[in-house]
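Fold and geometry: a report
What follows is the residue order along each chain.
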Amino acid sequence: MPAPDVELIQFRYSPYNEKVRWALDWKRIPHTRRSLLPGPHAPVVLRLTGRTEVPVLRLGGEVIAGSARILEAIEERFPDPPLFPADPDERARALEIQSWFDDDVGPCVRRALFHVMLPSPDYLVRVFAGHRGPGMQRVYRAMLPLVMPIMRRSMQVNAYQVERSAASIRDGLDFVVKHAGPDAALVGGAFGVADLAVASILAPLADPPHPDMARPDPKPEALVRFLREWARHPGVAWVHETYRRHRPGSAEATATA
Ligand SMILES: N[C@@H](CCC(=O)N[C@@H](CS)C(=O)NCC(=O)O)C(=O)O
């Protein structure tokens, strides 16, 4: 059988993109990844989907946007092993948890993270453009002062919103501590879409040692402090445990720029 034509258009290290990487890797689906730079990505993605958000998955002739829709399409096309619970109530519960983390906790985690990373543009270049050559890294570094205010506005990175975000993040972490059952699973006693979604969205707080999510070292002091503060929460230990048990290595076939 020929290898399926699957391409993930993504940002490196991004939690919503991590959901899709994890699903592809967990189902051992050979795929390619095109890692775009935040900012210059906009016209490329706009042409594909009419919006600017990644992840986007090209699956054969289809272009699918949004991590939750992509996971559904992957499950439909590659049902084995199943990521979605077979029981309808458990499935509904898992999708409800995913929506909460996607729509509420995720933006708060991202806002808190960028609050500590935006003052370090050289580090942002290493995070997002570390896979590109030195010339492109210099161009991206020169462009960042133009892109950063747009990022600040779109993610609402300001003192008031950052402060409010901490409570949502804590709610998310408390939830996993309260609801993790056997095998650390949140729904139905076995690893599935809820665990994958929640662990991906919370991963920036945990910095799990997986090549797709462990941001480069050395990290700026503010980021080190941020990780140290959240590391005290037992929900962060759940993220590490879920990565350790269930996050396989990459099924990426060929790295593309
Ligand atoms: N709900 C969307 C959220 C995706 C999202 O927020 N993507 C961010 C990266 S983490 C993005 O593409 N931001 C740039 C933009 O919106 O232009 C999903 O689940 O895919």
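Residue positions within a chain follow its written sequence, with the count starting from 1. Only residues with pLDDT of 70 or above have their local features reported here, since the model is predicted, and side-chain atom pairs are shown and tallied only from 80 upward, although totals for entire chains, interfaces and linings are computed over all residues.

**Things to note about unusual backbone geometry**
Following V54, the chain continues into P55 via a peptide bond in cis, with omega recorded as 15 degrees. Here P55 shows up in the loop between α2 (41-49) and β3 (56-59). Residue Q156 is not a glycine yet carries a positive backbone phi of 50 degrees. A run of H or I in DSSP becomes a helix once it reaches four residues, and a run of E becomes a strand once it reaches two; helices and strands are each numbered from the N terminus. Counting through the fold element by element, Q156 comes out in the loop between α6 (134-154) and α7 (159-179). Here a residue counts as buried when 20 or more other C-beta atoms fall within 10 Å of its C-beta, as exposed when 12 or fewer do, and as partly exposed in between; the C-beta atoms come from the backbone. Q156 sits in the partly exposed class, given 16 other C-beta atoms within 10 Å. In this model, D207 sits at a positive phi of 55 degrees, which is unusual for a non-glycine residue. Along the chain, D207 turns up in the loop between α8 (193-206) and α9 (221-231). Residue classification places D207 among the buried residues on the basis of 22 C-beta atoms within 10 Å.

**Some points on the environment of Y13**
Counting through the fold element by element, Y13 comes out in the loop between β1 (6-10) and α1 (15-26). On the neighbour-count criterion, Y13 (20 C-beta atoms within 10 Å) is buried. Each C-alpha atom, one on Y13 and one on T49, is 21 Å from the other, the two residues being 36 residues apart in sequence. In contact with Y13, not counting residues within four places along its chain, are V127, M213 and R215. Two residues qualify as a contact pair if the distance between their C-beta atoms, derived from the backbone, is within 7 Å.

**Observations regarding α8**
Between its terminal C-alpha atoms α8 stretches 19 Å, which fits the 20 Å expected from 14 residues at 1.5 Å a residue. Bend at a residue means the angle formed by two fitted axes: the first through the 7 residues ending at that position, the second through the 7 residues beginning there. Taking the largest bend as the criterion, α8 deviates by roughly 35 degrees, centred on S200, and proline P204 comes between one and four positions later. Counting buried positions along α8 yields 14 of 14 residues, so the element is predominantly enclosed. Backbone geometry just after α8 places D207 at a positive phi near 55 degrees. Take the residue count of a helix, subtract one, and multiply by 1.5 Å to get its expected span.

**With respect to the site of the ligand**
In the vicinity of the ligand, the residues found are F11, S14, Y16, A42, T52, E53, V54, P55, G66, S67, A68 and D102. For this classification, Asp, Glu, Lys and Arg are treated as charged, while Ala, Val, Leu, Ile, Met, Phe, Trp, Tyr, Cys and Pro are nonpolar and the rest, including Gly, are polar. Here the residues of the shell around the ligand are counted per class, giving 6 nonpolar, 4 polar and 2 charged. Working rule for contacts: place C-beta from the backbone, and if it is within 6 Å of a molecule or strand, that residue counts as near it.

**Here we look at the packing of helix α4 (residues 88-117) against α8**
For helices, the fitted line uses only the C-alpha atoms of the stretch in contact; every axis is such a line through C-alpha atoms, and the angle between N-to-C directions lies from 0 to 180 degrees. Interhelical geometry of α4 versus α8 gives an angle of 5 degrees and a closest axis separation of 9 Å. Relative to α8, the element α4 is oriented roughly parallel. Here A94, I97, Q98, F101, D102, V105, G106, V109 and L113 of α4 lie close against α8, whose contacting residues are V193, A194, A197, V198, I201, L202, P204 and L205. Residues of the contact of α4 with α8, tallied by class, amount to 14 nonpolar, 2 polar and 1 charged. Each angle gets one of four labels, with under 35 degrees taken as roughly parallel, over 145 as roughly antiparallel, 65 to 115 as roughly perpendicular, and the rest as oblique.

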